[in-house]
Amino acid sequence: MANCTHDCSTCGESCGSRKNTSLIKPPHRGTKVKRVVAVASGKGGVGKSYVTSLLAVRARAMGLKVGILDADITGPSIPKAFGVTARAEGAEDGFYPVTSKSGIKLISMNALLEHDDDPVVWRGSLIAGATLQFWTDVIWDELDILFIDMPPGTGDVPLTVFQSIPLSGVVVVTTPQDLVELIVKKAMGMAKMLDVPVLGLVENMSYLVCPDCGKEIEVFGKSKAEALKTAYHLPCVARIPIDPAVTELVNAGHVEEADTDALAEVFAEIMRARTIRF
Ligand code: ADP
């Protein structure tokens, strides 16, 4: 390759000189984590961060030690949803995550920037490097489960995360109006290539409950969740309605008060997923 940096860990090419060694990076020596679950989507704005937050809230409510790694470097939204404004503190050889009201540990670009609205205008390789540092340099302490809010798509940055962080599995988030079939196919293909199990599919904004008659209206078209479950042999699917109260909770930084019942099955599947070595 003409512009090869000889660093396979930040490169998505499967060229002839790729080293056949594992690209998995160990976490900070102050981190002991049992399960790492990535939450991915085909495009932005489908509610990936919301689903990540709900899964973490559910895990925490069960008394588990939980962390969220916000790998959406250019569009971080996790600290805001949890109402956390503290900045990450540095240690001699790493840095500490910030903590939510219920005790969920969070790391996000927003916890490092001077101002929340500072833009991150970086090249892909730098973004991938920063994301990896959230894994290698953050002192997570003991965690039962770490959720990764992935950047959308199947580009270079998500690929680097998938290749460098040992994952128990991935949860895919879509909406009915997405090119769902294509996105699920791509996500499944990527997960298969990298030997990461798909634990479930969440169809967010699946329907709206009429406030007057209680009827479910499929605003963005008919749900594809069950058909996809069968077609792709997915362990489980979940449907989350469009709910204006959600937007309010997220905007007010109160996502910890949201109802997580729609994700009960997906969460159970996560708890059955393989544990990792670190
Ligand atoms: P992504 O991480 O995929 O970019 P977000 O989780 O940030 O998407 O969600 C995008 C916006 O949609 C946020 O303002 C969020 O509060 C809102 N949202 C997400 N899911 C729902 C839902 N089920 N009902 C209403 N609003 C939602």
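The shown structure was predicted, so the numbers you read here are calculated from the model rather than taken from an experiment. (Residues numbered from 1 in each chain as written. Predicted model: local features only at pLDDT ≥ 70, side-chain atom pairs only at ≥ 80, totals over all residues. Heavy atoms only, no water.)

**Observations regarding the sheet that holds strand β1 (residues 31-41)**
Test applied: By this definition, two strands are paired if DSSP reports at least two bridges between them. Secondary structure is summarised from DSSP: a helix means a run of H or I of at least four residues, a strand means a run of E of at least two, and numbering begins at the N terminus for each. What makes two residues a contact is simply this: any of their non-hydrogen atoms within 4.5 Å. For every element, the axis is a line fit to its C-alpha atoms; helices are fit only across the contacting stretch, and the angle between N-to-C directions ranges from 0 to 180 degrees.
Spatially, the 8 strands line up as an open sheet ordered β5-β6-β2-β7-β1-β8-β9-β12, and their pairing is mixed. What marks the edges here is a single partner per strand, and that holds for β5 (98-99) and β12 (237-239). On the sheet, helix α8 (residues 264-272) packs against β1, β7 (141-149), β8 (169-174), β9 (198-203) and β12 and is oriented at approximately 135 degrees with respect to β1.

**Describing the pairing of β9**
Here is the rule we go by: Think of it in three bands: residues with accessible area under 20% of the maximum for their type are buried, residues over 50% are exposed, and the middle band is partly exposed, with areas taken using a 1.4 Å probe on protein chains only.
In terms of burial, β9 is largely enclosed, as 6 of its 6 residues are buried. In this structure, β8 lies alongside β9, joined through 5 bridges in parallel fashion. Counterpart to V171 in the pairing with β9 is G200.

**As for helix α3 (residues 124-136)**
Given 3.6 residues to a turn, an α-helix orients residues that are three or four positions apart in the same direction. For clarity, the cut-off: Multiplying 1.5 Å by the residue count of a helix minus one yields the expected span of that helix.
With 13 residues, α3 should reach 18 Å at 1.5 Å per residue; the first-to-last C-alpha distance of 18 Å fits that figure. When α3 is considered as a whole, its buried residues turn out to be I127, A128, A130, T131, L132, F134 and W135. Turning to α3, the residues buried within the fold contact β1, β2 (66-70), β4 (94-95), β6 (105-107), β7 and α4 (156-164).

**Section: the site of the ligand**
Heads up, the rule is: In these notes, residues near a molecule or strand are those with any non-hydrogen atom within 4 Å of it. Polar contacts, as counted here, are pairs of nitrogen or oxygen atoms within 3.5 Å of one another; within protein the pair requires one atom able to donate a hydrogen and one able to accept it, and residues that are adjacent in sequence qualify only if both atoms are side-chain atoms. In these tables, accessible area is a Shrake-Rupley quantity obtained with a 1.4 Å probe, and a residue counts as shielded only by the protein chains included in the view. Each residue receives one of three labels: charged for Asp, Glu, Lys and Arg, nonpolar for Ala, Val, Leu, Ile, Met, Phe, Trp, Tyr, Cys and Pro, and polar for the others, Gly being one of them.
In the vicinity of the ligand there are 17 residues, among which G45, K48, S49, Y50 and P241 approach most closely. Between the ligand and P241 there is a distance of 2.9 Å, counted from a nitrogen atom to a backbone nitrogen or oxygen. Protein contacts shield 80% of the accessible area of the ligand, which totals 560 Å² for the unbound molecule. Secondary-structure elements contributing two or more residues to the shell around the ligand are α1 (48-61) and α7 (244-251). Split into classes, the residues belonging to the shell around the ligand amount to 8 nonpolar, 7 polar and 2 charged.

**As for the packing of aromatic side chains**
Keep this limit in mind: Planes of paired rings set the category: under 30 degrees apart is stacked, over 60 is edge-to-face and the rest tilted, where pairs are Phe, Tyr or Trp rings (Trp by its six-membered ring) whose centres lie within 6.5 Å.
Within this structure, the stated rule accounts for 1 aromatic pair. When the ring of F95 is compared with that of F134, the centres are 6.4 Å apart and the planes differ by 70 degrees; the resulting orientation is edge-to-face. Of this pair, F95 sits in strand β4 while F134 is found in helix α3, placing the two residues 39 residues apart along the sequence. Residue F95 is classed as buried on the basis of its relative accessible area of 14%. A residue is classified by how much of its surface remains accessible, and F134, at 2% relative accessible area, is buried.

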